[in-house]
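One-letter residues, chain by chain:
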Amino acid sequence: MSDTQARGQQAMSESRRPFFYPDSSSDTEEYRRDSEERRKRLSRRNNLPNLRRPNMMAKTQSPNAPIPSTSTDQPKLEKKNPLCDDRITLVVDNTRFVVDPAQFTAHPNTMLGRMFSSGIDFTHPNERGEYEVAEGISATVFRAILEYYRGGTIRCPPTVSVQELREACDYLLVPFDANTVRCQNLRGLLHELSNEGARRQFECFLERLILPLMVESAQRGDRECHVVVLLDDDSVEWDEEYPPQMGDEYSQTVLSTPLYRFFKYIENRDVAKQVMKERGLKKIRLGVEGYPTYKEKVRKRPGGRAEVIYNYVQRPFIHMSWEKEEAKSRHVDFQCFKSKSVTNLAEATADPVIELEPIRAREDVEVPDNPEEPQEEQ
């Protein structure tokens, strides 16, 4: 056998030699410890809270399978938008406005706030479930007033007069003042604000200064009152022997410079007249007249009659009446007439008596001698 073949057989014999596995006690204990630690790690992994299981399940599931929702996402899916369900439709001037009634209930002192906040049904919806409100108000004005419920201010449209906006605010009980209204026409805005201020001011004057004078006139039996407004520094000194001629009206005076300044404007007089009409007074007259303050001199006329000259000042006056039967108090004739009325009921129901004149006997008529000149019957 050659050396090459001998070497090949030796290598094959070495490869076929069995591999030695150590079976010592130390190697076996290490293997057991490793296996126990592996089991513990697996057990701890299985006992952890199931936080990532949905994601793990999502990875193992097919792409078309629905993803299960967690408990935290469930309320978000069930929550609904209340504004979409609670919105109402208002019809104003054939125009529909879809609004949230919560905007009205936030202002309960307004008319719309009372309609949708109280339990009383002020209005009922039509067959379409729409509310027809604000009759007589244009859609442009109503759209501007809705801005008050959203932002607290009203911008007057340029095509709408301030008076029209003011009347709409009064109807809907929306405050109309400098804090809520924005307007390009300052003249119109200030005019309306002056009317409101004059109304409140005159109501105070009426209760505090004018009403006591009216009560004093009523206690005398009068049914009208004539008040002249003087300044605080005006002095009235009439001569008792020669008083001024004041006419038939009994005048009363009130010393008030603020009331004098109030009546200086004709617009304020119109406001005062409207207030007194609303309070039930009639025959209201406001103006300016001359009022005598003191005696200047006395002149003697022929015949010994004295003429007194007084100093007159122009002061505003106000006249009002509370008489109910004023038409019957004028042009009264106090002459006595014989009554033609029948006081006896029997005479009134009986037939009237016809009086016949007696027939007189015919008298002989003398024939005159001259037939051409007839004589009249005696």
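On a predicted model such as this, the values are computed, not experimentally measured, just so you know. (Residues numbered from 1 in each chain as written. Predicted model: local features only at pLDDT ≥ 70, side-chain atom pairs only at ≥ 80, totals over all residues. Heavy atoms only, no water.)

Student: So what exactly am I meant to see when it comes to the environment of L112 here?
Tutor: Secondary-structure assignment places L112 in helix 7 (residues 111-117). Classification of L112 as buried rests on a relative accessible area of 0%. Taking C-alpha positions, L112 is 8.5 Å from L173, a pair spaced 61 residues apart along the chain. Excluding residues that lie within four positions of it along the chain, L112 makes contacts with F104, V133, F142 and Y149. (Helix = DSSP H or I, 4+ residues; strand = E, 2+ residues; numbered from the N terminus. Buried < 20%, exposed > 50% of the residue type's maximum accessible area, 1.4 Å probe, protein only. Contact = heavy atoms within 4.5 Å.)

Student: Whenever I open this one, helix 12 (residues 266-278) confuses me. Can you help?
Tutor: Along an α-helix, residues three or four positions apart point the same way, because every turn accommodates 3.6 residues. The end-to-end C-alpha distance of helix 12, which contains 13 residues, comes to 19 Å, matching closely the 18 Å that a straight helix rising 1.5 Å per residue would cover. Those residues of helix 12 lying buried are N268, V271, A272, V275 and M276. Down the axis, helix 12 shows its buried residues gathered within 135° of arc, on one side only. Elements in contact with the buried residues of helix 12: helix 10 (186-219), helix 11 (257-262), strand 8 (282-300) and strand 9 (306-321). After helix 12 finishes, the residue G280 shows a positive phi value of roughly 95°. (Expected span 1.5 Å × (residues − 1). Arc of directions from axis to C-beta.)

Student: Explain the sheet that holds strand 9 to me, please; I cannot follow it from the model alone.
Tutor: Two orientations exist for strands paired in a sheet by backbone hydrogen bonds: parallel and antiparallel. A sheet is described by the order of its strands in space; here four strands give the open sequence 7-6-9-8, paired in mixed fashion. Strands at the two margins of the open sheet, each flanked by one partner only, are strand 7 (251-255) and strand 8. Neighbour-to-neighbour, the strand axes of this sheet turn through a mean angle of 40°, independent of strand direction. As paired elements, strand 6 (residues 224-230) and strand 9 share five bridges and run antiparallel to each other. Its bridge partner lying in strand 9, C225 is registered against M320. Strands in contact with helix 10 are strand 6, strand 7 and strand 9; relative to strand 7, the strand with the most contacts, it is inclined by about 145°. Contacts between helix 12 and the sheet are confined to strand 8 and strand 9, with strand 8 contributing the most and set at about 120° to the helix. (Pairing = 2+ DSSP bridges. Axes fitted to C-alpha atoms, helices over the stretch in contact; angles between N-to-C directions.)

Student: Help me understand the packing of aromatic side chains, please; the structure alone is not making it clear to me.
Tutor: Think of a pair of aromatic rings as described by two things: how far the centres are apart, and how the planes are tilted against each other in angle. For the structure shown, the criterion picks out 10 aromatic pairs. Plain terms: the ring middles of W238 and Y291 are 5.9 Å apart, the flat faces sit at 35° to each other, and that makes the pair tilted. With a gap of 53 residues between them, W238 in the loop between strand 6 and strand 7 and Y291 in strand 8 connect regions that are remote in the sequence. With relative accessibility at 35%, the residue W238 sits in the partly exposed group. (Phe/Tyr/Trp six-rings, centres within 6.5 Å; stacked < 30°, edge-to-face > 60°.)

Student: What am I meant to see in the pairing of strand 2 (residues 95-99) here?
Tutor: Consecutive residues of a regular strand have side chains that alternate between opposite faces of the sheet. Two strands pair when backbone bridges link them, and strand 1 (residues 88-92) and strand 2 are joined in this way by five bridges, in the antiparallel orientation. Within strand 2, the position partnered with I88 by the bridge is V99. In this antiparallel pair of consecutive strands, strand 1 and strand 2, the connection spans two residues, and D93 shows a positive phi of 55°.

Student: How should I be thinking about the packing of helix 10 against helix 12 in this particular structure?
Tutor: If you want to describe how two helices pack, look at the angle between their axes and the distance between the axes. Between helix 10 and helix 12, the least distance of the axes is 9 Å, while the angle of their chain directions is 55°. Regarding the angle of helix 10 to helix 12, the classification is oblique. As helix 10 runs across helix 12, the sense of the crossing is right-handed. Listed contacts from helix 12 to H191, N195, A198, R199, F202 and E203 of helix 10 are E267, N268, V271, A272, V275, M276 and E278. Within the contact of helix 10 with helix 12, the residues separate by chemical class into six nonpolar, three polar and four charged. (Parallel < 35°, antiparallel > 145°, perpendicular 65-115°, else oblique. Left-handed = near helix turned anticlockwise from the far one by under 90°. Nonpolar A, V, L, I, M, F, W, Y, C, P; charged D, E, K, R; others polar.)

Student: Would you explain the side chain of R315 in this entry?
Tutor: Relative to the helices and strands, R315 is located in strand 9. The buried category is assigned to R315, whose relative accessible area is 10%. Residue contacts for R315: discarding those within four places in its chain leaves V228, V229, L230, L231, D234, Y260, G287, V288 and E289.

Student: Got a minute to help me understand the pattern of salt bridges in this structure?
Tutor: Pairs can form between side chains of opposite charge whenever their charged atoms are close. Evaluation of the coordinates by the stated rule reveals 15 salt bridges. Here R166 ties to E196 by a salt bridge, and the two come within 2.4 Å at their closest N and O atoms. You can see R166 sitting in helix 9 (residues 162-172) and its partner E196 sitting in helix 10, a full 30 residues away along the chain. By relative accessible area, R166 is classed as buried at 11%. We note a salt bridge from R220 to D222, for which the minimum N-O separation is 3.2 Å. Residue D222 is classed as partly exposed on the basis of its relative accessible area, which comes to 30%. When salt bridges with common partners are traced through the structure, they connect R166, D170, E192, E196 and R200 into a single cluster. (Salt bridge = Lys/Arg side-chain N within 4 Å of Asp/Glu carboxyl O.)

Student: Even after reading the chapter, I still don't get the sheet that holds strand 3 (residues 131-132), so can you show me in this structure?
Tutor: Taken together, three strands build an open sheet; the order of strands is 2-1-3 and the sheet is mixed. Every other strand in the sheet has two partners, leaving strand 2 and strand 3 as the edge strands with one partner each. As paired strands, strand 1 and strand 3 are joined by two bridges and run parallel to one another. Across the sheet, V91 pairs through a bridge with E132, a residue of strand 3. Running over the sheet, helix 8 (residues 139-151) touches strand 1 and strand 2 and is turned about 10° from strand 2.

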